Amino acid sequence: MPPITGKTKLLGVIGYPVGHSLSPVMHNAALQAMASDYAYAAFPIAPEDLTIAIAGLGASGVQGLSVTIPHKQAVMPLLTQITETARQVGAVNTLWWDGHGWQGTNTDVEGFLAPLLELKQDWSGRTTVILGYGGAARAVVVGLTQLGCPEIIVVGRSQEKLAQFANSWTDPKIKQALQVLPWEALSTVIPKASLLINSTPVGMAPYPKQSPLDQSLVEKLPPTAIAYDLIYTPRPTRFLQHAQERGLVTIDGAEMLVQQGAAALKIWLQREVPVDVMRQALLHHLEKSA
Ligand code: NAP
């Protein structure tokens, strides 16, 4: 990275807390490799300060922001424009300053899809099962619809929240593909799943011994199924370990994290970005802190 001067442009991440964010590691590695005159910082912004902070960051010449918990939905009314993808997901994770205000999108969808697109499979006629109905599951549902999955089954433990999730969509394609089912239905739906996605935090550090699924349920997946865990630490999770023991194709959350970041950086810099540098920086950091 060139030395910071009076001309250096600023990017960053807003969240609360935000010290744990891996975005500065990935983005600064890429900016350095690109010899870009940008720096990427973390801004801890308490929820009650969001309105003033977002206006202030824009007025201070910050060019782009990543958005993390708890601001992904709360910041939306403060934006001048949001993309259709962000509207569908109901949350933004990437903002850019357009000279007058902040525009927003959601690159989690692109990040989630990237490793699946690498597999070059035909998703028409496939059944996918998602565990959990939180923020990440929303990006997954939008992504799977973009992929053309005709049957998307979301499984969760609260009947009330499942109904809320089902009723929250307006897109006819999503409404047609989406089914919500209680956890008890898993033994029936798993044998027909081409793709099983964990979007719950179960199995994440500091509880690496947990899995959202009993091994006996992983055993019921078809031999050609893909097991995808959005968790990126530990690598692999217990769920993915069980899937690997079965010889299934597995994907963990690290690539989604890298690719959502790369998609954001591409928006901010309007040029190709070194995804491999971002991946290496993230994996190195995760290994060091494991
Ligand atoms: P969230 O909004 O809090 O949603 C979590 C979901 O998991 C909820 O549906 C919750 O259901 C369910 N859940 C929690 N504990 C459960 C349990 N013991 N059994 C069954 N369901 C349970 O979280 P999120 O933002 O969607 O994130 C979910 C996971 O994805 C996290 O591990 C996060 O790190 C990961 N993630 C990864 C990326 C990436 O780039 N790789 C991006 C986003 C998220 P209840 O409401 O019923 O508790």
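The coordinates are above.
Definitions and limits used
- Residues numbered from 1 in each chain as written.
- Predicted model: local features only at pLDDT ≥ 70, side-chain atom pairs only at ≥ 80, totals over all residues.
- Heavy atoms only, no water.
- Helix = DSSP H or I, 4+ residues; strand = E, 2+ residues; numbered from the N terminus.
- Rg over C-alpha atoms; globule rule 2.2 N^0.38 Å.
- Buried < 20%, exposed > 50% of the residue type's maximum accessible area, 1.4 Å probe, protein only.
- Contact = heavy atoms within 4.5 Å.
- Near = heavy atom within 4 Å.
- Polar contact = N/O pair within 3.5 Å; in protein donor to acceptor, adjacent residues only side chain to side chain.
- Areas by Shrake-Rupley, 256 points an atom, 1.4 Å probe, with all protein chains shown as cover.
- Nonpolar A, V, L, I, M, F, W, Y, C, P; charged D, E, K, R; others polar.
- 1 Å grid on protein atoms, 1.4 Å probe; cavity = no way out; pocket = protein on both sides within 12 Å on 5 of 7 lines; lining within 4 Å.
- Points joined across faces, edges and corners; volume = space filled by probe spheres on them.
- Pairing = 2+ DSSP bridges.
- Axes fitted to C-alpha atoms, helices over the stretch in contact; angles between N-to-C directions.
- Core = buried A, V, L, I, M, F, W, Y, C linked by side-chain atoms within 4.5 Å.

The next point concerns the overall build of the chain. Along its length, the chain carries 12 helices and 12 strands. Here the chain has a C-alpha radius of gyration of 19 Å; the compact-globule value for 290 residues is 19 Å, and the two agree. Across the 290 residues that make up the chain, the buried fraction comes to 51%. Within the chain, contacts between residues at least 6 apart in sequence are counted, and of these 71% link residues at least 24 apart.

Right, let's get into the site of the ligand. Around the ligand, 19 residues are found, and the nearest of them are Tyr-133, Ala-136, Arg-157, Lys-161 and Gly-253. Within the backbone of Gly-135, one N or O atom sits 3.0 Å away from an oxygen atom of the ligand. Protein chains shield 74% of the accessible area of the ligand, which is 930 Å² for the free molecule. Listing elements by their share of the shell around the ligand, those giving two or more residues are α5 (135-147) and α11 (253-269). A per-element tally of the shell around the ligand places α11 first, with 3 residues. Its residues assigned to classes, the shell around the ligand shows 11 nonpolar, 6 polar and 2 charged.

Moving on, we get to the layout of surface pockets. Rolled over the atoms, a probe with the dimensions of a water molecule shows which regions are left empty. By volume, the second largest pocket is sized at about 270 Å³. Lining the second largest pocket are 13 residues, with Gly-132, Tyr-133, Arg-157, Thr-200 and Pro-201 sitting closest to its centre. Here the residues of the lining of the second largest pocket are counted per class, giving 5 nonpolar, 6 polar and 2 charged.

Moving on, we get to the environment of Val-67. Within the element layout of this structure, Val-67 appears in strand β3 (residues 64-67). Aside from chain neighbours lying at most four places away, what touches Val-67 is Ile-14, Lys-72, Val-75, Val-92, Asn-93, Thr-94 and Leu-95.

Let's shift gears to the sheet that holds β3. Backbone hydrogen bonds are what pair the strands of a sheet, in a parallel or an antiparallel way. Pairing in this open sheet of 6 strands is mixed, and the strands run β2-β1-β3-β5-β6-β4 from one edge to the other. Two strands close off the open sheet at either side, each with one partner strand: β2 (38-44) and β4 (81-82). Bridge analysis of strand β5 (residues 94-97) against strand β6 (residues 102-105) gives 4 bridges, and the strand direction is antiparallel. From the neighbouring strand, Trp-96 faces β6, where its bridge partner is Gln-103. Contacting β1 (9-15), β2, β3, β5 and β6, α11 crosses the sheet at an angle of about 5° to β5.

The subject of this paragraph is the side chain of Glu-151. Along the chain, the position of Glu-151 falls in strand β8 (residues 151-156). One polar contact links Glu-151 to Gln-179, side chain to side chain, over a distance of 2.9 Å. Contacts of Glu-151, omitting those with residues within four sequence positions, involve Arg-126, Thr-127, Thr-128, Ala-177, Gln-179 and Lys-192.

A word on the nonpolar core. Counting 32 residues, the largest nonpolar core has Phe-112, Leu-116, Ile-130, Val-141, Leu-144, Ile-197 and Tyr-228 as the members making the most contacts within it. Elements supplying a minimum of two residues to this core: α4 (108-118), α5, β8, α6 (159-167), α7 (172-177), β10 (195-198) and β11 (226-229). Tallying contributions element by element places α5 first for this core, with 7 residues. Contacts of Ile-197, omitting those with residues within four sequence positions, involve Phe-112, Val-129, Ile-130, Leu-131, Val-140, Leu-144, Tyr-228 and Leu-230. The next biggest cluster of nonpolar side chains, apart from the first, holds 22 residues, and it includes Val-13, Val-18, Leu-31 and Tyr-40.

With that settled, the discussion passes to the sheet that holds β11. Strand order across the open sheet formed by 6 strands is β9-β8-β7-β10-β11-β12, with parallel pairing between neighbours. Only two strands of the sheet have a single partner each, and these edge strands are β9 (178-182) and β12 (249-251). On average, each strand axis in the sheet is inclined to that of its neighbour by 20°, with strand direction left out of account. Pairing between strand β7 (residues 127-131) and β10: 4 bridges, direction parallel. Each residue of the ladder has a partner; that of Ile-130, found in β10, is Ile-197. Here α5 sits on the sheet and contacts β7, β8, β9 and β10; the angle it forms with β7, its principal contact strand, is near 170°. Packed on one face of the sheet, α6 meets β8 and β9 and runs near 175° to β9.

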